[in-house]
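The lines below spell out each chain.
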Amino acid sequence: MPVTLVIGAQWGDEGKGRIVDYLARQAHLVARFGGGPNAGHTVRVGDKTYKLRMVPSGVVAGVEHCVIGPGTVVSPAQLVAELDMLAFNGIETSRVWLSDLAHLILPYHVELDRAAERERGKQALGTTGNGIGPAYVDRVARVGLRAGDLRDMRRTRRTLYERAQALRTQGVKVDLDVLGAELEAHAQRLAPHIRDTVVLVHEVLERGGRVVVEGAQGTLLDVGLGTYPYVTSSTTVAGGAGAGVGFGPREVDCVVGVAKAYLTRVGGGPFPTELAGPQADELRSRGAEFGVVTGRPRRCGWLDAVALRYAVRINGITHLALTKLDVLDSFYEIPICTDYAGNEHWAWPFRVECGATPVYETHPGWLRPTVGAHAWDDLPFNARQYITAIEARAGVAVSYISVGAERSALVVRPGAPLAGAATAGP
Ligand code: GDP
Ligand code: IMO
Ligand code: MG
């Protein structure tokens, strides 16, 4: 069973990129299974920072194959820009593969996304404005274009003509000459990267290779199981990984859930443990909590163990990666939400929609820098106690602990999946 899944266990931005960067060094292929340029995954190596939107984070470590899977939605223009950015930084991109089944995000999707947000007014979801929702709507409505369609631009231009007619009735004007010309240029540029990635993944599996699947967004943003309607438009949970890459559940041997040592959220929607005032400001400034994609300040709060337990259950998380522990170094007391008062008869996520009041268990801080820790015993006693309390609440072991954004600022505990990955540069 050679597939390791890496899943965001909260509302996204948990540090999936840096965990995938570590695991990729023991893998032959890294694949994204969903989402698109709404994702912003960060990998920091030395003083270089890579911000990835669609290309799997494994590209920085130089994994043999990087797959943007069939379950994703991809903006050709943004993908070209991302490949250029990587090449400019000396990262090899010739083995970045775009599934011919991945759906395309076109400029009219972006327009529709932004118009829908404007219409929602105060109830706006706070989307990233990248056309994600409308592109997935087209996929489900069976009127989308796929990356494989770029191989036949004559047929694609005909499809676009039909879409433009339909969109006119919704008040969206599409300049077919401009769009066709742009798409043709992107089609030429992306042609060497577009392929049947399902076959590739199975070739790697059949030769005994190891596959790491990189989640995007987080469990609580899942279109079905998250805080609907304040969610993204795709499946973000482990169950969607096989459907979004093209393998069956029997291939998976571990599910790594990535969670921050506290909690953040970008965009609208319920957030029971959200803080306001100096503590939120301290978390935001110490954790540099500003969105990679939109630059928006992230909402900050304490760890919600009820939500984490929910994430562990619905993803079948076998190991946790706890990130950004160092951000808590300066706090005297660190609360964990262990329950909510009220609405007892409702389950997550309905329970938090109606203003659930968190019940906290408070842990003493450690007031010492954790940066520089490389082993469990290097961590302060109170930090270890805090992690042990999270393990007890989540019902699963914390196998990785990150204490800084830089690649090497990672504690890997015995028994962690793919432990022993080198910590050298790419
Ligand atoms: P992703 O979307 O899940 O990959 O996460 P993001 O890249 O959007 O957000 C995580 C942010 O935290 C990035 O700026 C990372 O560089 C940073 N980061 C990751 N791990 C750590 C850590 O352990 N400590 C600190 N201080 N920053 C971290
Ligand atoms: P990564 O992969 C955090 C949020 C948006 C908004 C909602 C819907 O970096 O963790 P969308 O543009 O998807 O229609 O927006 O989902 N969102 C994310 N929040 N991290 C992400 O990705 C996100 N991708 C989408 O802020 O609330
Ligand atoms: Mg992110």
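So, here is what we can say about the structure in this document. (Residues numbered from 1 in each chain as written. Chains lettered and ligands numbered in written order. Predicted model: local features only at pLDDT ≥ 70, side-chain atom pairs only at ≥ 80, totals over all residues. Heavy atoms only, no water.)

1. A short note on empty space enclosed by the protein
Convention followed: Only protein atoms enter the 1 Å grid, on which a cavity is a set of points fitting a 1.4 Å probe that cannot get out and a pocket is an open set with protein on both sides within 12 Å along at least 5 of 7 lines, lining residues being those with an atom within 4 Å of a point. Grid points are joined across faces, edges and corners, and a volume is the space filled by probe spheres set on the points. Note on residue categories: nonpolar means Ala, Val, Leu, Ile, Met, Phe, Trp, Tyr, Cys or Pro, charged means Asp, Glu, Lys or Arg, and polar means any other residue, Gly included.
Inspection of every chain in the model, using the stated rule, returns one cavity of 30 Å³ or more. If you go around the largest cavity, the residues you meet are Ala9, Gln10, Leu220, Leu263, Asp304, Ala307 and Leu308. When grouped by side-chain class, the residues that make up the lining of the largest cavity number five nonpolar, one polar and one charged.

2. Observations regarding the nonpolar core
Filter applied, for reference: The criterion is simple. A nonpolar core is a set of buried Ala, Val, Leu, Ile, Met, Phe, Trp, Tyr and Cys residues joined through side-chain atoms within 4.5 Å. Burial classes follow relative accessibility: with a 1.4 Å probe on protein chains only, a residue under 20% of its type's maximum area counts as buried, one over 50% as exposed, and anything between as partly exposed. In this description a helix means any DSSP run of H or I spanning at least four residues, a strand means any run of E spanning at least two, and both kinds are numbered starting from the N terminus. Contacts were defined at the residue level, with two residues in contact if any of their heavy atoms lie within 4.5 Å.
Of all hydrophobic cores here, the largest spans 58 residues; its most connected members are Leu5, Val213, Leu325, Leu328 and Tyr386. If you tally residues by element for this core, the top one is helix H13 (residues 381-394), at six residues. Among all residues touching Leu328, those that are not within four sequence positions of it are Ala261, Tyr262, Leu283, Trp302, Ile334, Trp366 and Tyr386. With 52 residues, the next largest nonpolar core counts Ala61, Ala147, Met153 and Val258 among its residues.

3. Some thoughts on the site of ligand 1
This is how the line gets drawn: The cutoff for a nearby residue is simple: one of its non-hydrogen atoms must lie within 4 Å of the molecule or strand. In protein, a polar contact requires one atom able to donate a hydrogen and another able to accept it; more generally it is a pair of N or O atoms within 3.5 Å, and residues adjacent in sequence count only if both atoms are side-chain atoms. Note that accessible areas follow from Shrake-Rupley with a 1.4 Å probe, and for residues the cover is restricted to the protein chains shown.
The local shell around ligand 1 holds 18 residues, among which Lys16, Gly40, Thr42, Asp326 and Ser402 are the closest. Within the contact set of ligand 1, an oxygen atom lies 3.1 Å away from a backbone nitrogen or oxygen of Glu14. With respect to ligand 1, the side chain of Lys324 contributes an N or O atom lying 2.8 Å from an oxygen atom. Burial of ligand 1 by the protein amounts to 92% of the accessible area it has alone, namely 590 Å². Among the elements of the structure, helix H1 (16-24) and strand S3 (41-45) are those that each provide at least two residues to the shell around ligand 1.

4. Side note on the site of ligand 2
Inclusion rule: Any molecule with more than half of its atoms within 2 Å of a cavity's or pocket's grid points is regarded as sitting in that cavity or pocket. Note that domain bounds follow an automatic or database assignment of domains.
In the neighbourhood of ligand 2, 21 residues make up the surrounding shell, with Lys16, His41, Thr128, Gln217 and Thr232 lying closest. Taking Lys16, its side chain carries an N or O atom lying 2.7 Å from an oxygen atom of ligand 2. A distance of 3.1 Å separates an oxygen atom of ligand 2 from a polar atom in the side chain of Arg296. Expressed as a share of its isolated accessible area of 550 Å², the protein-covered part of ligand 2 is 97%. One can see that ligand 2 is located within the largest pocket. Its residues assigned to classes, the shell around ligand 2 shows eight nonpolar, ten polar and three charged. Taken together, domain 1 (3-97 + 195-412) and domain 2 (103-193) each give at least three residues to the shell around ligand 2, which thus spans both.

5. Some remarks on the sheet that holds strand S16 (residues 333-341)
Stated precisely, the cut-off is as follows: At least two bridges found by DSSP between two strands is the condition for calling them paired. Angles run from 0 to 180 degrees between N-to-C directions of axes, and those axes are lines fitted to C-alpha atoms, restricted for helices to the stretch in contact.
Taking strand neighbours across the sheet as the criterion, the three strands line up as S14-S16-S17 in an open arrangement whose pairing is mixed. Two strands close off the open sheet at either side, each with one partner strand: strand S14 (303-304) and strand S17 (357-364). Sheet topology note: the S16/S17 ladder contains eight bridges and is antiparallel. From the neighbouring strand, Cys337 faces S17, where its bridge partner is Tyr360. In the packing of helix H11 (residues 305-315) onto the sheet, contacts are made with S14 and S16, and the angle to S16 comes to roughly 70°.

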